[in-house]
Amino acid sequence: MYDEMAQVVENRPLAGRHFLLSLYSPKQARAVRPGQFAMIRLPGRSDVILRRPMSIYDVRSRDLKGGYGLERHGQRPAVLQVLYKVVGRGTRLMAELTPGDRLAVLAPLGHGFFPEEYLAQARDASEVLLVAGGIGIAALLMPARDLARQKIPQRLFFGGRSRHDLVGLSDFKPLVEAITLATEDGSRGYRGYVTAPLAQYLEQRCERRFLILACGPMAMLQVTAGLAERYNHPCLVSMENRMGCALGVCLGCSIRVQGEGHAAYERVCTEGPVFWSNHIVWDP
Amino acid sequence: MAKAKARKLKLEAQDGEGEFTPRIDVEIAGIHFQNPVMTASGTFGYGQEFAHLIDLNRLGAIIVKGISADPLPGNPAPRIYETEAGMLNAIGLQNVGACTFLEEKLPFLRTLKARCIVNVFGYSTEDYVRCIEILNAGEGIDAYELNISCPNTRCGGIVYGSDPKLTEEVVAASKRAARFPLIVKLSPNVTDIGVFARAAEAAGADALSLVNTFVGMAIDIETRRPRISNLTAGLSGPAIKPVALRLVYQATQAVRIPVIGIGGITSAEDALEYLIAGAQAIQVGTANFYSPDTSLRVIDGIRDYCLRHRLHLAQLIGSLKHGVNGAGEH
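Rules used throughout
For every chain, the first residue of the written sequence is number 1, and numbering continues from 1 onward in sequence order. Chains and ligands are labelled by the order in which they are written, letters from A for the one and numbers from 1 for the other. In view of the model being predicted, local features appear only for residues whose pLDDT reaches at least 70, and side-chain atom pairs are presented and counted only at 80 or more, with totals across whole chains, interfaces and linings using the full set of residues. For the side-chain quantities, the full set of heavy atoms in the structure was used; hydrogens and water were omitted. Lines fitted to C-alpha atoms define the axes here, with helix axes fitted over just the stretch in contact, and angles between the N-to-C directions of these axes take values from 0 to 180 degrees. Only DSSP runs of H or I with at least four residues qualify as helices, and only runs of E with at least two residues qualify as strands; both kinds are numbered from the N terminus onward. Whether a crossing is left-handed or right-handed is set by the direction in which the near helix is turned from the far one by less than a right angle, anticlockwise for left-handed and clockwise for right-handed. Note on definitions: a residue-residue contact is assigned when non-hydrogen atoms from the two residues lie within 4.5 Å. Note on residue categories: nonpolar means Ala, Val, Leu, Ile, Met, Phe, Trp, Tyr, Cys or Pro, charged means Asp, Glu, Lys or Arg, and polar means any other residue, Gly included. Paired strands, as defined in this entry, are two strands with at least two bridges between them according to DSSP. When two parts are put together, the accessible area they lose, computed with a 1.4 Å probe and summed over both, is reported as buried area. Note on definitions: salt bridges are taken to be side-chain nitrogens of Lys or Arg within 4 Å of carboxyl oxygens of Asp or Glu. Identification of polar contacts relies on pairs of N or O atoms within 3.5 Å, with a donor-acceptor requirement for protein atoms, meaning one able to donate a hydrogen and the other able to accept it, and with residues adjacent in sequence counted only if both atoms are side-chain atoms. Accessible area is worked out with a 1.4 Å probe on protein chains only. A residue is then buried under 20% of its type maximum, exposed over 50%, and partly exposed in between.

Peer 1: What is the right way to look at the packing of helix α8 (residues 268–277) of chain B against helix α10 (residues 294–308) of chain B in this model?
Peer 2: For any two helices packed against each other, one specifies the inter-axial angle together with the distance between the axes. All names here are of chain B. Closest axis-to-axis distance for the α8/α10 pair is 8 Å, and the angle between their directions is 60 degrees. At the point where α8 passes α10, the crossing takes the right-handed sense. For the pair α8 and α10, the contacting residues are Ala-268, Ala-271, Leu-272, Leu-275 and Ile-276 in the first and Arg-297, Val-298, Gly-301, Ile-302 and Tyr-305 in the second. When the residues that make up the contact of α8 with α10 are grouped by side-chain class, the tally is eight nonpolar, one polar and one charged.

Right under this line is the structure:
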């Protein structure tokens, strides 16, 4: 983890008030593992004080070409990419960033998708199912690349409120066998929650063994965790929570997990953000 | 007081022309601090979490997260919410407990040049005493900070801090049990801070620290639910600084024991206001979350200020002048 001032290379607007922010920070970019996150702060502001936790979407070379894994081609990652949606004060200010602006960035943070553990599970599975809700997609590109490089077949289930929330699809297309989309307003794919086609898929393939990686709203994660339990598939969830520090000291991001007394809570920033879904108490 | 005055005169006498090196060390409750900058309880973990980000040896003191006799799980999520120039928290004093603290956290803190102050919390007077009795075995603890002001636990905490009789009771019992000097951390959620400052002093407190957080609230208007599971929560950050500064000033006027100022400090300028108001030292809190080097910048800034004004810290503390700029001397 490094605490750096990073320069904005690009702040590209995408559909539905989404932005892809590219930050020049070689030391941090080189240290990133799939599933980790960054804490981003707008320096010099005393009204918006806390850093914001953001999944690291991708790491790229300085000219933004090539994605995670580009070191194979003799290039080293130098740019951190963060995919965000404007939802509040902090992200509204981030949307105004232009190349050359500097941000305080603490990264990479958290455990990510525990490399050995999840890759072993993934190899045992006949397919890895990536389940994303809205901006939760941001946590899944790097693991998807990891899995694709290991030639592990994967399928993406991606849901949003409308088609404008389905960002980043072109990045996933070369990595996965198939993509199933769902929107609440029916503007693209299934009408309804993404967990409906997921349930159907699992129901029809009871005999197969999957590994599920999920990131999205709490309700989606809870239903996904329930499906994983019902059909007996291992499931990793990348949790989101408000964070004060991401250093493990404010204890603001603690969530209820299996365990008694002091062990009843774990910090999303330090013990997470990725957890086995059966470790979390979904209805505390 | 007389001693402090004598020291002040001696320092003034030393200042001739030429090279001037300001002294910014300070002595509180018989403990020597290399500078007056401490990290506030609950904002700095057990120190080690910041070891790779800043040089901990430069700090005046580290005040660790509130410790209770038994481990506490804390409150359900959500526990924090950012507000304008501040944040609300209702963590509920999640902590590892006194025994684990001694075994796992203290050995590291002992190796540092920064002083180690342990924040102590309980649900009853017996709890506070029991926690102190366990911690008394800890080698390397320099002082206790008695937390009688946490707004986020149903009993204990603020209950003690908002009734002067209970304040006296818990401070007296804790002082009797304590092997190390006792700093009492006061709540700002009272009508007259002087009453509580004097109650703590009368019961044997060696020093005071204030303020803890202000009780606040925030509501999500779309769901019409509270932003924090505990409903109410403690407000901290730059937003509280002017109010906290006033309370610290009033406390220094009410007692003879040293006062440590806390509340919204993000820069040396903020810290200097507290020192001029009469605080012997200060604590950096919420700023640690988003700018871990704040304390070090504050230390450097205090030293620069003292150098620029050719003052030692002891001369600066409580040096508030009467009248405003333009109305009297500058």
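Anyway, onward from the coordinates.
Peer 1: When you look at the sheet that holds strand β5 (residues 80–83) of chain B in this model, what are you seeing that I'm missing?
Peer 2: Strand pairing in a sheet is mediated by backbone hydrogen bonds. Such pairs are either parallel or antiparallel. All names here are of chain B. Spatial strand order, β5-β6-β14-β11: four strands in an open sheet with antiparallel pairing. Each edge of the open sheet carries a strand with a single partner, namely β5 and β11 (214–216). Strand-to-strand twist in this sheet, taken as the mean axis angle between neighbours without regard to direction, amounts to 35 degrees.

Peer 1: Looking at this structure, I do not really get the interface of chain B and chain A. What am I missing?
Peer 2: Where interface size is given, it is often the accessible area lost as the parts come together that is meant. Between chain B and chain A, the residue contacts involve 38 residues of the former and 26 residues of the latter. For the pair chain B and chain A, the two sides together bury roughly 2,600 Å², of which 61% comes from carbon and sulfur. Inspection of the chain B/chain A interface yields three salt bridges. With a closest N to O distance of 3.3 Å, B:Glu82 and A:Arg89 form a salt bridge. Along the contact surface separating chain B from chain A lie 13 residue pairs in polar contact (both at pLDDT 80 or more). Of all the secondary-structure elements, those providing two or more residues to the side of chain B that touches chain A are β5, β6 (86–89) and α9 (287–290) of chain B. It is β5(B) that provides the largest number of residues to the side of chain B that touches chain A, a total of four residues. Its residues assigned to classes, the side of chain B that touches chain A shows 19 nonpolar, 13 polar and six charged.

Peer 1: Can you walk me through the pairing of strand β5 (residues 79–85) of chain A in this structure?
Peer 2: When a strand is regular, its side chains alternate between the sheet's two faces. Residues and elements named next belong to chain A. Counted residue by residue, β5 has six buried out of seven residues, so it is predominantly covered. Strand direction decides the pairing type here: strand β2 (residues 18–24) and β5, joined by seven bridges, are antiparallel. Opposite Tyr-24, over in β5, you have Val-79 as the bridge partner. Bridge analysis of strand β4 (residues 52–60) against β5 gives four bridges, and the strand direction is antiparallel. The residue bridging Arg-60 from the neighbouring strand is Val-79, located in β5.

Peer 1: Just checking my understanding: could you explain the pairing of strand β9 (residues 178–183) of chain A for this structure?
Peer 2: Residues and elements named next belong to chain A. Pairing of strand β8 (residues 154–160) with β9, which is carried by six bridges, proceeds in the parallel orientation. Bridging from a neighbouring strand, Gly-160 pairs with Thr-183 of β9. Examined bridge by bridge, β9 and strand β10 (residues 190–191) share two bridges and lie parallel to one another. Note on β10: the bridge partner recorded for Ala-182 is Tyr-190.

Purely spatial values, then, with no claim about function.
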